[in-house]
Each structure stands twice: as structure tokens, then as C-alpha cells.
Amino acid sequence: MMPDTTSFIDATTTDGYLLVLVIVLPVLGILLSLALGGKFIERITLALLLVGLCVAIAIFAAVLRSDQLVVYVVGNWQPPLGIALRADGISAAMVLTIAVIVFAIGLYARSEFGQQKGAAVTRSSYAFWTLLLGIWSGLNAVALGDDLFNLYVALELLTFAAVPLVCVKGYEATIKAAMRYMLFALIGSVLYLLGTALIYGTYGTLDITLLADRVQDGRLAMTRIALKGRKR
Amino acid sequence: MSSAALFGYCGAVLVGLGLYGLITRAEVLRKILSFNVLGSGVFLLFGVFARRGAAAGLGADPVPQALVITGIVVAFSATALAVALLVRLNKETGQIIVTPDDSEESGEQGATR
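Residues numbered from 1 in each chain as written. Chains lettered and ligands numbered in written order. Predicted model: local features only at pLDDT ≥ 70, side-chain atom pairs only at ≥ 80, totals over all residues.

(A) Broad picture of the pairing of strand β2 (residues 84-87) of chain A. All names here are of chain A. A two-sided burial pattern is seen for β2, the buried positions comprising Ala-84 and Arg-86 on one face and Leu-85 and Ala-87 on the other. Pairing geometry for strand β1 (residues 70-73) and β2, over four bridges, is antiparallel. Note that in β2 the partner of Tyr-72 across the bridge is Leu-85. (Buried ≥ 20, exposed ≤ 12 C-beta atoms within 10 Å, placed from the backbone. Helix = DSSP H or I, 4+ residues; strand = E, 2+ residues; numbered from the N terminus. Pairing = 2+ DSSP bridges.)

Right, dumping it as C-alpha cells:
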């Protein structure tokens, strides 16, 4: 199926870089903590959480003020071939909610995983702060992704960060819980991928906004109901 | 039957086999292997859609092939993480299946095998 480029052309809006920032900031923190070998990891994480909260508020304000989507077209490759990040009202609200909750978790976890001054970082606290940043990045990517396959990758990133976080303490019960979670996540992710394959085979695009236009009545009409909720 | 249809049916059979294994087998390692069979079926279906979407003189649509490569990497990482978790579970509890929490006391379910 040839890409239909006439439908509409996306453009990165002026504040579109905020969407990239909110996904990349946590990754930056993970890289920094790996490079520094766990020194200052708690302080880096808390600082990034604060900055991320500000970015999330900025995204929310941008969507609220302009009553339009905030769009970032990655590498300026237009969908359906390229991938776009889009924030509509609900995405922006989700990003803000995620930022508030993760920030609160970070503050609360200081008592358990905080570093003593001058003491070497323990293995569990190193894992906790790194994985907290990982889960935050994954959640943001899920909320902002506008491409079905991009969503699949984001969901997997989320799983890979969340499963070790479940068993970060290493007790028997937590390992069993993590194993159970992992199995459900495996089944869910591969079935999601199957659905992605079927949708791509039928409509020839993975971009959610384009899909919402292309999906006509028929076998996948229910999908249309799910997708049409997005505002253009 | 065209070759694309034949591969499509093969993919469907693999998906069915994988799902059957995932549901009926209790052992975690078998579940992980079933997940890989199921994943292979899905990747094969991506290949079929690539072949069906051939246009503009190309033998196949390149987009699903790019997706398959990414999917294989993700499935590989997921398998590695799941196996590592299983090894740890086996070290801690000596079990190869995930037992329900409420039967831990009685020990009748999921005895060490």
C-alpha cells in the first residue's frame, strides 16, 4: 500500500521540543548515573524530577493556552513513514499526572533508598533510582507516542524498568510477583504486536491520527471508535 | 495457494501453538519458549504483510521488515530478562513454576520438581 501523503502534513509546533525533553531527560539521568558510577545518583534523580515536573507543567500550559496539539515530528520525517509525538489534552494531563506521582515517589523513597553522606551507594538504591528514571521515561513515551509500533517499544521499555523495580529488594515473595508480572507482560506485549501487524496489513499505516481517518466501517470498526477520540 | 498465503497460514499455526503452550503449561521455562514460538508467528505475519504490500517495483514493503528487526531485539531482551528472573526464582525457592500465594503454607501445590 502506498503511503498517502495528501491527507495532511504534520509540522513540529514551536514548543514541540518539550515533548522530546520530557522523554530524554530521564534517559540523560540514567546515563549520568552510569558514568558517575552511582555517585550523587539520588541528587541527580531528584533534580531531574523537579525539572521534569516543570517541563510537564509547560506542556500542559501550552496545550491549554493554544487549544491545539503540541506536535514533534521526529527527524522531520512525515508520518506515515516517520514517527510523530503528539500531546492533546489527555496526553498532557497524563504527562503532568505521571510527573507529579513520580516526583512524590522520589521524595517518599528518600527515607528508604537515600544515600548517607560520604557512604558508598548500595546496590538496591542504585537500582531503584535508575529504574525510577527508566519507568518515568517509558510512561512519558507511552503517553506521547502517536505511532502504534512506537507505543509497543515504549510499553516494553516500561516493562523492562517495572519488573526489576518490583523485585528490587530481592525477597522471595517479590521475585515471585515479578515473575508473574513478567509472564503477563510477555503475553500482553506479543498479542499487542499481533494486533499491530493486523492493523498495518489492513490499513498500511501505524500513525494513530492517520489511522483514525482511514479506518472505515467493517471488521475493525471498533478500532475506529477507540481512535476517533483523538482531537485533530 | 500463493506463497504469501502459505506463510500466512504457517504464521497463524505458530501463533496458535504458542498461545496453547502459554496457557496450558505451568513451567515458566516452557511459557517463555511458547512466548518465543508465538513471537516467531507474529514476525512471520509481518513478513507476509510486507510481501502483500509490495509496490512501486519493490519486492516487498520495507516498513514491516524494519518493525520485525526491532521486534526481534525486544523479544530477545524480554526473554533474557525472564530467564534471569527464573534462575533467581529457582535459586531462592527451588521451584520452576510460579505458585499461587495462598498455597504457600500448605505446600501441596507446586512442590519442588
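(B) Local environment of the interface of chain A and chain B. Opposite the 24 residues of chain A that make contact, chain B presents 31 residues. When residues of the side of chain A that touches chain B are traced back to their parent elements, those giving at least two are α5 (148-166) and α6 (172-203) of chain A. Here the side of chain A that touches chain B takes 16 residues from α6(A), the largest share from any one element. Counted by class, the side of chain A that touches chain B contains 18 nonpolar, two polar and four charged residues. (Contact = placed C-beta atoms within 7 Å. Nonpolar A, V, L, I, M, F, W, Y, C, P; charged D, E, K, R; others polar.)

(C) Quick look at the packing of helix α1 (residues 17-35) of chain A against helix α2 (residues 41-66) of chain A. Residues and elements named next belong to chain A. It is the contact of α1 with α2, at a shortest axis distance of 9 Å, that shows an interaxial angle of 175 degrees. As the angle between them shows, α1 and α2 are arranged roughly antiparallel. Contacts between α1 and α2 involve Leu-18, Leu-19, Leu-21, Val-22, Leu-25, Pro-26, Gly-29, Leu-32 and Ser-33 on the former and, on the latter, Ile-41, Ile-44, Thr-45, Leu-48, Val-51, Gly-52, Val-55, Ala-56, Ala-58, Ile-59 and Ala-62. Considering only residue class, the contact of α1 with α2 consists of 16 nonpolar, four polar and no charged. (Axes fitted to C-alpha atoms, helices over the stretch in contact; angles between N-to-C directions. Parallel < 35°, antiparallel > 145°, perpendicular 65-115°, else oblique.)

(D) Examining helix α1 (residues 3-24) of chain B more closely. Residues and elements named next belong to chain B. Compared with the 32 Å implied by 1.5 Å per residue over 22 residues, the 32 Å span of α1 between its first and last C-alpha is a close match. Listing the buried residues of α1 in full gives Gly-8, Gly-11, Leu-14, Val-15, Gly-18 and Leu-22. Take α1 and look down its axis: the buried residues cluster within an arc of 125 degrees, on one side only. Exposed side chains of α1 directed beyond 90 degrees from the buried face belong to Ala-5, Leu-6, Tyr-9, Ile-23 and Thr-24. (Expected span 1.5 Å × (residues − 1). Arc of directions from axis to C-beta.)

(E) Spotlight on the packing of α5(A) against helix α3 (residues 62-93) of chain B. Relative orientation of the contacting elements α5(A) and α3(B) amounts to 15 degrees, with a least axis distance of 11 Å. By the angle between their directions, the pair α5(A) and α3(B) is classed as roughly parallel. Read as a crossing pair, α5(A) and α3(B) show a hand that is left-handed. Mapping the contact onto sequence places Phe149(A), Val153(A), Glu156(A), Phe160(A) and Val163(A) in α5(A) and Leu67(B), Thr70(B), Val74(B), Ser77(B), Ala78(B) and Leu81(B) in α3(B). Per-class residue counts for the contact of α5(A) with α3(B) are eight nonpolar, two polar and one charged. (Left-handed = near helix turned anticlockwise from the far one by under 90°.)

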